[in-house]
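# Observations on the three-dimensional arrangement
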Amino acid sequence: MENIVIIGNGIAGISAARHIRKLSDKRIIIVSAETDYFFSRTALMYVYMGHMKFDHIQPYENWFWEKNNIELVRAYVNHVDTEKKQLLLDGSRALQYDKLILATGSKPNKFGWPGQDLHGVQGLYSKQDLDLLEVNAPNKDVCKRAVIVGGGLIGIELAEMLRSRDIPVTFLVRENSFWNGVLPSGESKMINEHILEHHIDLRLGTNLKEIVSDENGSVKSVIIAETGEELPCDMVGLTAGVTPNIDFLKDSGIELGRGVKVNRFLETNIKDIYAIGDCAEQHEAIGNRRPIEAVWYTGRMMGETVAQTICGNKLEYKPGHWFNSAKFLDIEYQTYGWVFSERGKKDYEEHFHWRHSSEKICITVAFNKENNRFLGINTFGIRMRHEIFDRWLTEERDVDYVIEHLSDANFDPEFYKHYEQEVVSKYNSDFGKSIALKKKSLKRIFQIN
Amino acid sequence: MSTYDRSMALTGQPPKELSRNQKIATLIGLFGLAIILLTAFNVDFPNKSLWLSISLASITIGILWFSWDMYSQKEPGIKNDGVWFKSISSKGFWGWIAGISLTSFYIILYFFPEYLGLVQKGNNTGVIGLFDPLSRALSGNPASQWFVYGTLYTVAILAFGIKFIWKYRHNRYERIRTMSVMFFQTAFAFIIPELMARLNGSSVLNGGSLPYYDLKNMWPLNYYNFEGYRIKGFLSSGDIGFALLIFGILSVFVISPILTYKYGKRWYCSWVCGCGGLAETAGDSFRQLSDKTVKAWKIERWVVHSVVVFVTLMTTAVIYSYLGNDTSKYWLTKSTFLIGVGVLLTSVFALVMIFKREQFQKDAKYGAIGYLVIILALISFHFFSGEGQVFLFKSETLRKSYSFLIGSIFSGVIGTGFYPIFGNRVWCRFGCPMAAILGFQQRLFSKFRITTNGGQCISCGNCSTYCEMGIDVRAYAQKGENIVRSSCVGCGICSAVCPRGVLKLENGPLQGRIDSNQVLLGNDVDLMTLVNKK
C-alpha cells in the first residue's frame, strides 16, 4: 500500500488528506509540530477574545481521524532525505514515504528590526503564538500598551483582539492609508475611520525604527523612524506579512525560491514530492494571482487538486474566479473577481464607488472601460452571493448588467435594509446612464426554468 | 484550553470585568428579587401593590441598566467578548449557582407551591399573596403559583428581550424577531387569557366558563388541550368556546403545516413560542453551552421522537377515556376515534415512506416502523380486550406520568433550570414534541433552509459554537452544503456571528435545497464537474 506523508495539518494538508481518503485506501500520515489536531487558523483570534474555546475551532471531533484511518503524528521534521525517501523526525526517528506533500504554511515576517527577538515581541500565526500572547498580553495591567507593526489583515485582527481586553493599542502602518496596496482609496479610508472608532491609536505613514530593551531583555518601548518618538509599551506585534515556512528544506535538494517551487501540477522538482498551500510558490503566477497565495481558500483548493493527482487523475491547479473575505473589526469584507487598488490598477480598469452617507457600508465595482466588462466587486458591510458573482464572471457580463441585477446578488439576512436603489442612482449619475434596478428574482438566483 | 484564568470573582479582569454601573445595576436587580425572597419567608409587606411594583420595577431596571452599560458604549456588532471567560456563561462557579437556584425554584413551583404561599381555602400568603393584587386587577381572581410564574416569565422575556435587541441592534432580523416573541408572550400568553377569564359566566359565553387558553400554545406542546375538563369548558361556552376548540384543532393540522412549509418551523419556535421566547432572551447568554457532538445528536433524535410517541399515546388514551360508545348520542365514539387515529398515523407513515424514503437513515426507518407497530398494537387493544380498557395502562396513569415526567421535570426543572449548564434549548431540542413534529415537516416539507455562500467558509466554528440547538453548522458550511435540519429553530444567530457572511436563512425553491458539494465553488470548474457529478 502506498504511503502518503503530509507535513502540516493546516487547511491545505488536511484537505489533501480528506480527499485522498475519499478517492483511495492509501496509507495517510500527517505530521505536525504545532498541534495534535487540525484547527482553523483564521479562528485563533476568537479564542483570545473569549468567543470560543480552543476545542471549538477544531472542525472535526477527535475520533474523526481514526475512523477515517488518517494517522496523526506530532513531531517536528528536521530533514527530508529525498534519496532515501525518508523524513527525520525530532532529530531521532525516521519516517518513510512513497509520496510526500509539503503543506507547512507560513511564518511571520521579520525585517531585521533592532530588538525584533526580545521578550514580548511576537507575530500571530501559530497556536504557539496564541499561547505566547496570553503570556505577553494577558490583561491591561501586565500589558499597559501594545504596539502593532504592519497594517494588514493580521495586524487589524491583533488590534481587535487586544482591544477586547481593554489593552491600549498603537498601530503603526507604513502606508499612508490602511491596506491601500490592496484596497482602493475610498474603502481604505473608511477602514481608517473605523479603526479610530475602536479607540485604536492608528499611525499612518509610520515605520518602526527599533524596539528598545529593558534590563531583562524584554520590550520597554519602540522608536518611530519618522519622528524619533519613543513609545513605551510591553508588547510588540509584528504583523508585516508572512513568508513560507521552509527553512528545514534548505539542503534537501528541493528547489526553493521564497517558497517551494512548484509547477501547475503542484509538483516540485523532485519526483513524488508536492507542495501546497501557503508554502508553495508557482514558477509563474496564475492570471492575476500572486505566485505565493497565502489564503485559506487557495490552500483548500490546492489540497483538493493535489489529491486527484496523487490518486491517479493527474490534474493541473486551475483555480476558478478569485474570491476572498475578511472582517475589519465590525465590518465584513468580501471580494469577487479582481478589484485593484490605485497602486495595482490596470490601464483598462475603471472603478465605480458607492458609500453610504452615514453607515460604514460601501462597494467598489471594477470594470473594463474599453468594453464595459465587469471585472470584480469589493463589498463592505453588505454580504453578497458567491454563486451569483461567480456566474456573472463566467458569463462575462458587462457592468450595466451587474448593476441592474444587483438585488439578485444580495446575501444579507432577511429584513435588512437594501441599498441597491441608491447604488443604481449613483451609478446612473456618475456615468450618465439610466439603468432601472430589477427586482430580486428567486428564479434567476436559483436558475429555475 | 486558554491559559487565561477563569476566576470565581464576579468582578474580574476585562473583558469580563463589571463596571461600576453594572455593579449598581446588579444590586438593584437583586434588591427586586430580595423582596420576593423575603415574602417567601412570610415577611408581610403592608402595601402589596406598592411592594410588588417596586420589586418588578427593580428587576427590570437592574437588567436594563446593566445591558445599557454593557452595549451602549460599543460599536454595533457581535458582542461575544469574554463569553468563555465569565464563570456565569461558561459553566463556572456562578453558572452552577444559577443552575441550582433555578432548578430549586422549579421544584418548589411544581411540587411544593404551598411554600410559595398557596392557600387552597382562604387568602394566599407569601410570594403568591404578594401577586394577588395584580392578579385581581387582571382576571378578578386571586393569584396562583402559575400566575406568579407567568408574571416573572413575562418580565424576564421583556427585560432580557430589550437586552437582546441592544446586543444585536445592527441586525434587523434579530430585532424584529425579538419584538415578536416579546409581543406574543405579553399579549397571548399573559394578558389575553387573564382577561378571558373575566368573561367566564357571562352571557357572551352562554354562562359557560372557558379553560385558561394561551391561543398560540398548540397541541402537543399544550399536551392538555384536549383533556375532558377543557373540552367541557369549550363546549359549555357557546360559539366562542366552540370556535376556540376548532381553532385548537386547525392550528395543529392546518395552520402550522402551511406556515412551516412556507417559512420553516422558526415561525413558531423562535418567533411565537413562549419556551422559545424565554430561551432566546433570558437564555441567550447560555446558547454556547449546547452539546455539538454527533453522540448528542443521536441521543436527541431518539429522545425527542419518543416524547412524540408518548404524547400521542397519552392524548389518544385521554380522549378515548371520555368518549362514549353510543353512536346515537354523539357521532364520535371510542371506536371511530381510535380508527381515525390509526388511519391518520398510518397514512402519514405510508406517504413519507413512499415519497421521502431516501431521506431517512436506516435507524430512523427502523425507529418509525417500530413505533408505528407499537401504537397500532396498543390501539387495537381496545378491539380485542372488550370494554373499558385501552392500552396497557389507565389513561389517567398515562396522563399523570406524562405531566410529571415531561410537563414538569423535562420542560421546567431540566429544560429551564439547567440553562446555565446544558444551554438554553435543552427542552426544545431533546423534549419538545411540538418541535419534533414541526421539525419533521421542516426537514421534509418546507422551503426553509440556511444557504451556505459558495466557498466562503473558513471553518472558524462561531456558527456551531453559538447554535443553541447544538447543530454542527460548520460541518455543513465547510462542505458548501446548505443546512436543512429538523431541529433548526431559525434564530439566525449562526448567520449573525459568521465573520465572513457565509450563512443566510431563506425560503427558496425545493429544487437544490440541500445542494451538497465535495469540491467547493471557486475551484477549477472541471474539477468541480468531475467530483460533484452524482
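The structure this text deals with has already been given above.
Not measured: the values here are computed from a predicted model.

What counts and what doesn't
- Residues numbered from 1 in each chain as written.
- Chains lettered and ligands numbered in written order.
- Predicted model: local features only at pLDDT ≥ 70, side-chain atom pairs only at ≥ 80, totals over all residues.
- Helix = DSSP H or I, 4+ residues; strand = E, 2+ residues; numbered from the N terminus.
- Core = buried A, V, L, I, M, F, W, Y, C linked by C-beta atoms within 7 Å.
- Buried ≥ 20, exposed ≤ 12 C-beta atoms within 10 Å, placed from the backbone.
- Contact = placed C-beta atoms within 7 Å.
- Pairing = 2+ DSSP bridges.
- Axes fitted to C-alpha atoms, helices over the stretch in contact; angles between N-to-C directions.
- Parallel < 35°, antiparallel > 145°, perpendicular 65-115°, else oblique.
- Left-handed = near helix turned anticlockwise from the far one by under 90°.
- Nonpolar A, V, L, I, M, F, W, Y, C, P; charged D, E, K, R; others polar.

Glancing now at unusual backbone geometry. For the bond from B:Trp219 to B:Pro220, the omega torsion is 5°, close enough to zero to count as cis. Counting through the fold element by element, B:Pro220 comes out in the loop between helix H6 (172–199) and helix H7 (228–236). Here A:Phe415, not a glycine, exhibits a phi torsion of approximately 70°, which is positive. The phi torsion at B:Ser459 lies on the positive side, around 55°, for a residue other than glycine.

This part covers the nonpolar core. Membership of the largest hydrophobic core comes to 237 residues, with the highest contact counts inside it found for A:Ala16, A:Ile101, A:Leu102, A:Ala146, A:Val236, A:Ile276 and B:Cys494. When residues of this core are assigned to their parent elements, the largest contribution, ten residues, is made by helix H5 (residues 145–167) of chain B. Discounting residues that sit within four places of it in the chain, A:Leu102 has contacts with A:Ile7, A:Val260, A:Ile273, A:Tyr274, A:Ala275 and A:Cys279.

Next up on the list: the sheet that holds strand S7 (residues 99–102) of chain A. All names here are of chain A. Ordered in space as S3-S2-S1-S7-S19, the five strands form an open sheet in which the pairing is parallel. Bordering the open sheet on either side are strand S3 (70–74) and strand S19 (273–275), each of which pairs with just one other strand. This sheet shows a mean twist of 20° between the axes of neighbouring strands, independent of strand direction. Bridging between strand S1 (residues 3–7) and S7 involves four bridges; their strand directions are parallel.

With that settled, consider the packing of helix H1 (residues 20–40) of chain B against helix H2 (residues 48–71) of chain B. Residues and elements named next belong to chain B. One can describe the packing of H1 onto H2 by two numbers: an axis separation of 7 Å at closest approach and a directional angle of 155°. In terms of axis orientation, H1 runs roughly antiparallel to H2. As for the relative orientation of H1 and H2, their crossing is left-handed in sense. Looking at the contact of H1 with H2, its residues break down into 15 nonpolar, eight polar and one charged.

A few words on the sheet that holds strand S6 (residues 93–96) of chain A. Residues and elements named next belong to chain A. Read from one edge of the open sheet, three strands run S4-S5-S6, paired in antiparallel fashion. Across the chains shown, the open sheet's two edge strands, defined by having one partner strand only, are strand S4 (77–81) and S6. Neighbour-to-neighbour, the strand axes of this sheet turn through a mean angle of 25°, independent of strand direction. By the bridge criterion, four bridges tie S4 to strand S5 (residues 86–89) in an arrangement that is antiparallel. Bridging across to S5, aspartate 81 finds its partner in glutamine 86.

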